[in-house]
Amino acid sequence: MVNSCGQLFTIEGIAASLIILMTAYIVVNNTSVYTPGDTHISNMQLEVMGSDALRMMDTSSNGTYGKTPLQTIIEQGDSDTFSTMFLNIVNNRTGTTRDTIQFRANVTYLMQPDYQTVNSTIFSNSSQSLIEGDHAVRVSEWVIVDKTPKDFPECPGMLSACSGKHAVLVEVLLWRD
Amino acid sequence: MARLNDDAQWIVLMGFVVSFSLFFLAIVLNQSVVVGQTTAEAVSEFPKDDIRSVRDVIIQSVFLDDSGTTLNRTHVQNEIQRLSLSRQGSTVNFSSNAIAGYTNVYIHYNNGVTIYNETWTY
């Protein structure tokens, strides 16, 4: 005959094992596992930082009326200054170590002389190029420039069409290396 | 089983209560992680900076001089519309009219998900 004593201990054992399982589940669940789906969180922060950087570059110094650094950079096709300035803003951190954000900047504009065709040229690059597996985010900023930038190939020879103000879109891909 | 021992049922009952409450706490914690992710997704999805930037440049363009052969305002406004459509996938429309000394600038932005309308007066 099966002895049916001590059933209470059996049930208590089951209850205790359930508690242990639940505790283990909570502990494991709360140690953050970084899945590809979670890159949204760091992408969001990167995007905010990038658009802030572009916005800062498109603000004239001390709030005075005049050209912003970004306008001057685009007008002169000065990709080195862009690179220095942008990397300085996004990579500065508290302390001495710097962040490792890389970027690739495009300038998009309408081609002369009929202003119908959209053209996009690579304007500036950081030292690392974008490789497969990098999660890049895109930020952009509108700039009104006084003339079509001198580096844009269709400008020479059409000086009259090049004059005047034009809106160009500066787009930056940025990612953390 | 001749006789069922039904002593100490409270202990069993408390065991179940505790395990079920822990289970629901686990669900709450599990959901809280997803909330952080969907918030980040929603922030990335919403074109806040695109709208701000295009609004800025539209307002700047209203004050451009349109005389002579340079046609600054015409060019800039044409460029804003075309570049928005091709590079940001958004339809941008704007017009202005002057009423009794004030000028209203109507700004419309639509990227298929988010629609933004504004009347800006100066």
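Visitor: Would you explain the pairing of strand β4 (residues 166-176) of chain A in this entry?
Guide: Look at any regular strand and the pattern is simple: side chains alternate between the two faces of the sheet. Residue and element names in this part refer to chain A. Most of β4 is tucked away, with nine of its eleven residues classed as buried. With eight bridges joining them, strand β1 (residues 101-110) and β4 adopt antiparallel strand pairing. Of the residues in β4, the one forming a bridge with alanine 105 is valine 172. Pairing of strand β3 (residues 137-145) with β4 involves nine bridges; the strand directions are antiparallel. Bridging across to β4, valine 143 finds its partner in valine 168.

Visitor: How do you make sense of the packing of helix α2 (residues 39-57) of chain A against helix α4 (residues 79-91) of chain A when you look at a structure like this?
Guide: Relative orientation and spacing of two packed helices are given, respectively, by the angle between their axes and the distance between those axes. Residue and element names in this part refer to chain A. At a closest axis distance of 10 Å, the pairing of α2 and α4 adopts a crossing angle of 130°. Considering their axes alone, α2 and α4 lie oblique with respect to each other. Our pair here, α2 against α4, has a crossing hand that is right-handed. Contacts between α2 and α4 pair Met49, Gly50, Ala53, Met56 and Met57 from the former with Met85, Phe86, Ile89 and Val90 from the latter. In the contact of α2 with α4, the residues fall into eight nonpolar, one polar and no charged.

Visitor: Please clarify how the sheet that holds strand β2 (residues 118-125) of chain A should be interpreted in this entry.
Guide: Within a sheet, adjacent strands bond to each other through the backbone by hydrogen bonds, running parallel or antiparallel. All names here are of chain A. Judged by pairing direction, the sheet is antiparallel, and its four strands sit side by side in the order β2-β1-β4-β3 without closing on themselves. Strands with a single pairing partner mark the edges of an open sheet, and in this sheet they are β2 and β3. The mean inter-strand angle of the sheet, taken between neighbouring strand axes irrespective of direction, is 25°. In the packing of helix α3 (residues 69-76) onto the sheet, contacts are made with β1, β3 and β4, and the angle to β3 comes to roughly 80°. Docked against the sheet, α4 engages β1, β2 and β4, running at close to 65° with respect to β2.

Visitor: Is there a simple way to think about the domain arrangement of chain B in this case?
Guide: Many structure descriptions define interface size as the accessible area lost when the parts assemble. Its domain assignment divides chain B into domain 1 (1-45) and domain 2 (48-121). One C-alpha centre belongs to domain 1 of chain B, the other to domain 2 of chain B, and the line joining them spans 54 Å.

Visitor: Is there a simple way to explain the interface of chain A and chain B in this structure?
Guide: Listed as interface residues are 39 residues of chain A and, on the opposing side, 42 residues of chain B. Mapped by element, the contributors of at least two residues to the side of chain A that touches chain B are α1 (7-30), α2, β1, β3 and β4 of chain A. Here the element with the most residues in the side of chain A that touches chain B is α1 of chain A; it accounts for 13 residues. For the side of chain A that touches chain B, the per-class residue count stands at 20 nonpolar, 13 polar and six charged.

Thresholds, definitions, all that
Along each chain, numbering runs from 1 in the same order as the chain's sequence is written. In the order they appear in the text, chains get letters beginning with A and ligands get numbers beginning with 1. Confidence filtering applies because this is a predicted model: local features only for residues at pLDDT of at least 70, side-chain atom pairs given and counted only at 80 or more, and all residues used for totals across whole chains, interfaces and linings. Three exposure classes are used, based on other C-beta atoms lying within 10 Å of a residue's own C-beta, which is placed from the backbone: buried for 20 or more, exposed for 12 or fewer, and partly exposed in between. Numbering goes from the N terminus for both helices and strands, where a helix is a DSSP run of H or I of at least four residues and a strand is a run of E of at least two. Here, any two strands with at least 2 DSSP bridges between them count as paired. A fitted line through C-alpha atoms represents every axis, and for helices the fit uses only the stretch in contact; the resulting angles, taken between N-to-C directions, go from 0 to 180 degrees. These descriptions rest on fixed angle ranges, namely under 35 degrees for roughly parallel, over 145 for roughly antiparallel, 65 to 115 for roughly perpendicular, and the rest for oblique. Crossing handedness: left-handed means the near helix sits turned counterclockwise from the far one by under a right angle, and right-handed means the same turn made clockwise. Placing C-beta atoms from the backbone, we regard two residues as in contact once those atoms come within 7 Å. Three residue categories are used. Nonpolar comprises Ala, Val, Leu, Ile, Met, Phe, Trp, Tyr, Cys and Pro, charged comprises Asp, Glu, Lys and Arg, and polar comprises the others, including Gly. Start and end positions for the domains come from either an automated domain assignment or a database one.

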